[in-house]
Amino acid sequence: MYTFDLETRSTHDVTVYGTDVHAAGITDITLLTYAPVEHTNLIFTWWPGQPVPQDLADHISEGGLMFALNSRFDRLAWNAKMPDYGFPPLALEQVLDVAAQNRASLLPSGLQQASMAMRLPKKPKLGKDMMKIYATAGNDVVIPYDRADKDFDAFVMYGIHDTRVTGKLLSRTRPLSR
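Being a predicted model, the structure only gives us computed values, none of them experimental.

**Brief notes about the sheet that holds strand E4 (residues 66-68)**
Okay, so step 1: The strand order across the open sheet formed by 5 strands is E3-E2-E1-E4-E5, and the pairing between neighbours is mixed. Two strands lie at the open edges of the sheet, namely strand E3 (44-46) and strand E5 (95-97), each paired on one side alone. Taken pair by pair, the neighbouring strands of this sheet meet at an average axis angle of 30°, ignoring direction.
Okay, so step 2: The pairing of strand E2 (residues 26-36) with E3 spans 3 bridges and is classified as antiparallel. Residue Leu32 lies in a different strand from E3, and its bridge partner there is Trp46.
Okay, so step 3: Relative to strand E1 (residues 2-10), helix H4 (residues 71-81) is tilted by about 65°, and along the sheet it contacts E1, E2, E4 and E5.

**Some remarks on the side chain of His22**
Okay, so step 1: Summarising the element assignment, His22 is placed in helix H2 (residues 19-24).
Okay, so step 2: Beyond its immediate sequence surroundings of up to four residues, His22 is in contact with Thr8, Ser10, His12, Asp13, Val14 and Phe73.

**Thoughts on the nonpolar core**
Okay, so step 1: If you look at the biggest cluster of nonpolar residues, it comprises 20 residues, and the most contacted ones within it are Phe4, Leu6, Leu32, Leu56, Trp78 and Met82.
Okay, so step 2: Considering every element that reaches this core, the biggest residue donor is E2, with 4 residues.
Okay, so step 3: Setting aside residues no more than four positions away along its own chain, Trp78 makes contact with Phe4, Leu6, Leu32, Leu56, Ile60, Pro83, Phe87, Pro88, Pro89 and Leu90.
Okay, so step 4: Membership of the second largest hydrophobic core comes to 13 residues, among which are Ile43, Tyr134, Val156 and Ile160.

Rules of the game
- Residues numbered from 1 in each chain as written.
- Predicted model: local features only at pLDDT ≥ 70, side-chain atom pairs only at ≥ 80, totals over all residues.
- Heavy atoms only, no water.
- Pairing = 2+ DSSP bridges.
- Helix = DSSP H or I, 4+ residues; strand = E, 2+ residues; numbered from the N terminus.
- Axes fitted to C-alpha atoms, helices over the stretch in contact; angles between N-to-C directions.
- Contact = heavy atoms within 4.5 Å.
- Core = buried A, V, L, I, M, F, W, Y, C linked by side-chain atoms within 4.5 Å.
- Buried < 20%, exposed > 50% of the residue type's maximum accessible area, 1.4 Å probe, protein only.

Here you go:
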């Protein structure tokens, strides 16, 4: 089992148009962060141009479970673009929603609010700013995947933070029945 988080670039802002329209307009996956559920401090990263991690691809191909803060968004985004990079698609029953588990545990569903309620670290501001810049299709911002850029490092750390906190919330809240 893995927790995961995707950062995307789309022609449609998810906060304006919603999940379905945003996913339909995805032009790129800009970052994937993922971690084994039992090791929330062991975070892996992937971005376009890197080989598909075989352990993750095998896990998904074999029907393994994946946890995301917003499973609907992450599954739609994954299936809209990740197969183009060589990843297997995710079935509906493979992706479980950590936000729903937060609500069942009487916590806010949002990552920032739930992490504050559980006294977990806050999102890094520069990384969040970079996520917003990298998420906008057509803005001519080139993502420096060579990692020779402090802003890109902040963006990667933002994704790592979200995956780590999602894993910690998953481990500290009531599991949902399937």
